[in-house]
There are 2 protein chains.
Amino acid sequence: MNTLHVELAERRYPIHIGPGLLSQPQLLEPLRGRPLFVITDEHVKPLYLERLCASLGSDPARALALAPGETAKTLANVNEVMGLLLRARLPRDGVLVALGGGVIGDLVGFCAAIYQRGIDFVQVPTTLLAQVDSSVGGKTGVNHELGKNMIGAFHQPQLVLADTDTLKTLPRRELLAGLAEVIKYGMLGDLQFLNWIEENLDALLKLDGEALSYAIRRSCEMKAAIVAQDERETVSGGAGPRATLNLGHTFAHAIETYTRYTEWLHGEAVATGLCMAADLSARLGWMAQADAQRCIALIARAGLPVKPPAGLDAAQFRNLMGLDKKNVSGRLRLVLMKPLGQSLVSSNFDQAALDACFTHFTSA
Amino acid sequence: MNTLHVELAERRYPIHIGPGLLSQPQLLEPLRGRPLFVITDEHVKPLYLERLCASLGSDPARALALAPGETAKTLANVNEVMGLLLRARLPRDGVLVALGGGVIGDLVGFCAAIYQRGIDFVQVPTTLLAQVDSSVGGKTGVNHELGKNMIGAFHQPQLVLADTDTLKTLPRRELLAGLAEVIKYGMLGDLQFLNWIEENLDALLKLDGEALSYAIRRSCEMKAAIVAQDERETVSGGAGPRATLNLGHTFAHAIETYTRYTEWLHGEAVATGLCMAADLSARLGWMAQADAQRCIALIARAGLPVKPPAGLDAAQFRNLMGLDKKNVSGRLRLVLMKPLGQSLVSSNFDQAALDACFTHFTSA
């Protein structure tokens, strides 16, 4: 088992990573005797709820399973959870436990952030994406019909338990989507880690526990280091260190909006977004053309999409990216690389290169 | 004009207090050029929206007026506001302005706390209660059908503008309800201020600008000093300094729940709650009987209720107070005085005295 301690301004919390952790009650010792409530989804419930409750020493009846999927992230569901917690009389010193993927983590974290103005919560992520991404950074929230993650709060967990064995029941597509975020960390800040991923891709794809634990730990560690410099994404008006975590994401959001957040998984859209960010960085002369090709080849080898969906043309891309919330008062800002392994946030780049990138990726 | 600076852990913000401030654009200078959206209610809109927008230099069309009253504080309204802000494309560096009483302040502050994970907001309170109470402390939120203020966040304003002239259009009952909170500050922490209120009650009731400004300033100052010790009500598990601001409130919540939050104003319930807290403190021998009588006489002279509603009996009181969220894991905790002018939080008091207090206040 690996344990990473995330250092926040006023406290620290542990992320435990490894196989079989759900069956190790001693890791949940800090919660012993506290009033708990577990929220999960209907896919995860039959797989892991009982085991988690046994380790927590809590009543499996004090749990809610929501319908699975991104559509669960609504204020209406938040209201339902609030009612449930009030009926269960969860006090202000109670703890919410999120058992599931990123959707559950985001929703439950947000519920914990606003229930009685904030209670403690614990993350038990069961997807690779949630294990590498939502365990660190404190971003929680739900969607609005007019935009994804437009409603939310920063709220840090007390503890994260990432059991890599849960990835064995994860659909293959979701595993790969999580790998896209792992590759992102290599591309944005650690060339050595990118090399390691290239060398260990087969082990990762075979769910080798040791390889997974290292990939998750290194991703969380990098994210924690970046988040520590910019806990609320406020440094440089949102163009600071934390924004670099959005490498590929502005392109990805355009793809997700175009496909109405239904056909593509977030990580799949990020995979293509990473290809586009690499291509644009190379077009700008900020990284070698060969390095862009190398990233795209790795993403393709991981079984992830390297092209936007058919039908999304350059003009639509431009329009969809104009709506992105990363625009401050109207200027389009992108996370790019200069060179590979070093990311930067820029709104000062050649628009023609961006257009060429759109055209390249949207032509058949 | 009085300006009080509230010192927070990481920044400070000004509260400007005095007559005619809505017509002084220079006070709103820090907002110049930033994208704004104003939220108010239908009562306040025709009275002050145009004047505020002129001082802000903002378009009065970028405003929303909600139906007035406590029933506006719902997650459904939050969702509506979110939609409006997204359609108006308010960016993350935009500012929400709350123009109205406590309901608008709580709702708008919460919307600012969770819109795109938190944007800046400004309070322009137009009731005495909002001017003395919600300007300081950062508590924002909405109600759930199962409990008042059960959904919320801590979110501090950038600036507060308390124009005492707005109290001239305030219904008399609401003015008095605000006075109850002013009296609370004297009782909980400043005997000299309590003396001052006794001496200046007539001036306050006549809306004398100087007297009002002093009373508001002193209340905000006391609240700010208390909040600074305990920004998130977490010290001593919620029994720390900040909890003393709830003097009278546990009794008040029982009255409000009994009357379904419709017949009594919050400040009216607090007035009676203050009388009961004083009575109980005297019964416990923690303050002089004469001091309790003095408080009750002042509250009566201010035209505020000193008895709970007819029909609410001692047994119901006990039951209603058992539901109060200030109970940590099941123990009833009250804010009391020992002696008058010094508050404390205690769950260690003679239950028979509490019963005698209930009986005394609920007998005809």
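Residues numbered from 1 in each chain as written. Chains lettered and ligands numbered in written order. Predicted model: local features only at pLDDT ≥ 70, side-chain atom pairs only at ≥ 80, totals over all residues. Heavy atoms only, no water.

Participant: Tell me about the overall build of chain A, and please be specific about residues and values.
Facilitator: Check the secondary structure of chain A and you find 12 helices and 11 strands. Relative to its length of 364 residues, chain A is compact, with a C-alpha radius of gyration of 20 Å against a globular reference of 21 Å. Counting over 364 residues, chain A shows a buried share of 59%. Of the contacts formed within chain A by residues at least 6 apart in sequence, a portion of 74% connects residues at least 24 apart. Averaging the coordinates of the 35 positive side-chain charges in chain A and doing the same for the 37 negative ones gives two points 3 Å apart. (Helix = DSSP H or I, 4+ residues; strand = E, 2+ residues; numbered from the N terminus. Rg over C-alpha atoms; globule rule 2.2 N^0.38 Å. Buried < 20%, exposed > 50% of the residue type's maximum accessible area, 1.4 Å probe, protein only. Contact = heavy atoms within 4.5 Å. Lys, Arg positive; Asp, Glu negative; His and termini not counted. Charge placed at Lys NZ, Arg CZ, Asp CG, Glu CD.)

Participant: Can you break down the pattern of salt bridges residue by residue, with the values?
Facilitator: All names here are of chain A. All told, the structure shown has 34 salt bridges over all chains when counted by the stated rule. Close ionic contact of D106 with K73 constitutes a salt bridge, the shortest N to O distance being 2.8 Å. Here D106 is found in helix α3 (residues 102-114), whereas its partner K73 is found in the loop between β4 (63-66) and α2 (75-87), with 33 residues between them in sequence. Each member of the pair, D106 as well as K73, is classed as buried. D165 is paired through a salt bridge with K168; the nearest N and O atoms lie 3.4 Å apart. Through salt bridges that share partners, D190, R217, R218 and E221 make up one connected network. (Salt bridge = Lys/Arg side-chain N within 4 Å of Asp/Glu carboxyl O.)

Participant: Please give an account of the pairing of strand β1 (residues 2-7) of chain B that cites residues and values.
Facilitator: Residues and elements named next belong to chain B. By the bridge criterion, six bridges tie β1 to strand β2 (residues 12-18) in an arrangement that is antiparallel. Looking at β2, one finds that N2 is bridged to I17. Connecting β1 to the next strand, β2, in antiparallel fashion are four residues. (Pairing = 2+ DSSP bridges.)

Participant: Account for the interface of chain B and chain A, with residues named and values stated.
Facilitator: Contact residues are listed per partner, giving 35 residues for chain B and 35 residues for chain A. Both faces considered, chain B and chain A share a buried interface measuring about 3100 Å² in area, 57% of it formed by carbon and sulfur atoms. The largest per-residue losses of area from chain B upon contact with chain A belong to R92, R117 and M150 of chain B, which jointly make up 24% of the total buried on that side. Inspection of the region where chain B meets chain A yields zero salt bridges. Inspection of the chain B/chain A interface yields 10 residue pairs in polar contact (both at pLDDT 80 or more). (Buried area = accessible area lost by both parts, 1.4 Å probe. Polar contact = N/O pair within 3.5 Å; in protein donor to acceptor, adjacent residues only side chain to side chain.)

Participant: Account for the sheet that holds strand β1 (residues 2-7) of chain A, with residues named and values stated.
Facilitator: Residues and elements named next belong to chain A. Taken in spatial order, the seven strands line up as β1-β2-β9-β6-β5-β3-β4 in an open sheet, and their pairing is mixed. If you trace the sheet from one side to the other, it starts and ends with β1 and β4, each paired once. The mean angle between the axes of side-by-side strands here comes to 15 degrees, regardless of whether they run parallel or antiparallel. Docked against the sheet, helix α1 (residues 45-56) engages β3 (36-41), β4, β5 (95-100) and β6 (120-125), running at close to 165 degrees with respect to β3. (Axes fitted to C-alpha atoms, helices over the stretch in contact; angles between N-to-C directions.)

Participant: Give me the lowdown on the domain arrangement of chain A, citing residues and values where you can.
Facilitator: All names here are of chain A. Considered domain by domain, chain A is made up of domain 1 (2-169) and domain 2 (186-362). Put simply, the middle of domain 1 and the middle of domain 2, counted by C-alpha atoms, are 27 Å apart. Taken together, the contacts link 29 residues of domain 1 with 20 residues of domain 2. Roughly 2200 Å² of surface becomes buried between domain 1 and domain 2 when both sides are summed, with 64% attributable to carbon and sulfur atoms. When the area that domain 1 buries against domain 2 is broken down by residue, the three leading residues are L4, K148 and F154, summing to 26%. Our count for the contact surface shared by domain 1 and domain 2 stands at two salt bridges. A salt bridge links D133 to K223; the shortest N-O distance between them is 3.4 Å. The interface formed by domain 1 and domain 2 holds seven residue pairs in polar contact (both at pLDDT 80 or more) in total. (Domains from an automatic or database assignment.)

Participant: Before we move on, could you go through the relation of the copies chain B and chain A and cite the residues and values that matter?
Facilitator: Aligned on chain A, chain B shows an RMSD of 0.0 Å; the corresponding rotation is 180 degrees and the shift along the axis is 0.1 Å. With respect to symmetry, the two chain copies, as superposed, fit the operation of a two-fold axis. In terms of proximity to the rotation axis, the leading residue of chain B is L75 of chain B, whose C-alpha is 3.6 Å off the axis. (Least-squares fit on C-alpha atoms with pLDDT ≥ 70 in both.)

Participant: Give me the sheet that holds strand β4 (residues 63-66) of chain B: which residues, what numbers.
Facilitator: Sheet strands associate in pairs through backbone hydrogen bonding, adopting either a parallel or an antiparallel arrangement. Residue and element names in this part refer to chain B. An order of β1-β2-β9-β6-β5-β3-β4 is seen for the seven strands of this open sheet, with the pairing classed as mixed. The two strands at the open ends of the sheet, each matched to only one other strand, are β1 and β4. The average undirected angle you get between the axes of adjacent strands in this sheet is 15 degrees. As defined by bridge partners, strand β3 (residues 36-41) adjoins β4 across four bridges and the pair is classed as parallel. Note on β4: the bridge partner recorded for V38 is A63. In this fold helix α3 (residues 102-114) packs onto β3, β4, β5 (95-100) and β6 (120-125), with an angle of close to 170 degrees to the strand it touches most, β5.

Participant: Can you break down the environment of I226 of chain B residue by residue, with the values?
Facilitator: Residues and elements named next belong to chain B. Mapping I226 onto the fold places it in helix α7 (residues 209-228). Looking at I226, the relative accessible area reads 12%, which means it is buried. In sequence terms I226 and R242 are 16 residues apart; their C-alpha atoms lie 5.9 Å from each other.

Participant: Break down the UniProt feature "binding site: Zn(2+)" (unreviewed entry) in chain A for me, with residues and values.
Facilitator: Residue and element names in this part refer to chain A. In the UniProt entry, the feature "binding site: Zn(2+)" (unreviewed entry) is given for E181, H249 and H266. In three dimensions, the annotated residues from a span of 86 residues occupy one location, with a maximal C-alpha spread of 10.3 Å. Taken from the residues named earlier, the lining of the largest cavity is made up of H249. Summarising the element assignment, H249 is placed in helix α8 (residues 249-258). With relative accessibility at 7%, the residue H249 sits in the buried group. Excluding its chain neighbours within four sequence positions, the residues that come into contact with H249 are E181, K184, H266 and V270. In this structure the side chain of H249 is engaged in a polar contact, spanning 3.0 Å, whose partner is the backbone oxygen of L247. Within the secondary structure, H266 sits in helix α9 (residues 266-283). Here H266 is in contact with L129, K148, E181, H249, H253 and E256, once residues within four sequence places are set aside. (UniProt positions renumbered as here; feature names shortened; annotations may be inferred. 1 Å grid on protein atoms, 1.4 Å probe; cavity = no way out; pocket = protein on both sides within 12 Å on 5 of 7 lines; lining within 4 Å.)

Participant: Help me get a handle on empty space enclosed by the protein, residues and values and all.
Facilitator: All names here are of chain A. Scanning all chains against the criterion turns up one cavity of 30 Å³ or more. One number sums up the size of the largest cavity: a volume of about 30 Å³. Around the largest cavity, the lining residues are N246, L247, G248, H249, T250, F251, L334 and V335. Broken down by secondary-structure element, the contributors of at least two residues to the lining of the largest cavity are α8 and β10 (334-337). Ranked by residue count, the leading element in the lining of the largest cavity is α8, at three residues. Classifying every residue of the lining of the largest cavity gives four nonpolar, four polar and no charged. (Points joined across faces, edges and corners; volume = space filled by probe spheres on them. Nonpolar A, V, L, I, M, F, W, Y, C, P; charged D, E, K, R; others polar.)

Participant: Can you lay out the packing of aromatic side chains for me, pointing to particular residues and giving the numbers?
Facilitator: One pass over the structure, following the stated rule, counts 10 aromatic pairs over all chains. On the numbers, 6.0 Å between centres and 25 degrees between planes, the contact of F193 of chain A with W196 of chain A is stacked. Taken together, the residues F193 of chain A and W196 of chain A, both in helix α6 (residues 191-205) and three residues apart, mark about one turn of the helix. For the ring pair F193 of chain B and Y214 of chain B, a centre distance of 6.1 Å and an interplane angle of 75 degrees mean the geometry is edge-to-face. With a gap of 21 residues between them, F193 of chain B in helix α6 (residues 191-205) and Y214 of chain B in helix α7 connect regions that are remote in the sequence. F193 of chain B gets classed as buried once you look at its relative accessible area, which sits at 1%. For Y214 of chain B, a relative accessible area of 35% puts it in the partly exposed group. Every member of this aromatic cluster is reached through a ring pair, and the members are F193, W196 and Y214 of chain A. Sitting over the face of the ring of Y185 of chain A, K184 of chain A holds its NZ or CZ atom 4.8 Å from the ring centroid. (Phe/Tyr/Trp six-rings, centres within 6.5 Å; stacked < 30°, edge-to-face > 60°. Lys NZ or Arg CZ within 6 Å of the ring centre and 35° of its normal.)

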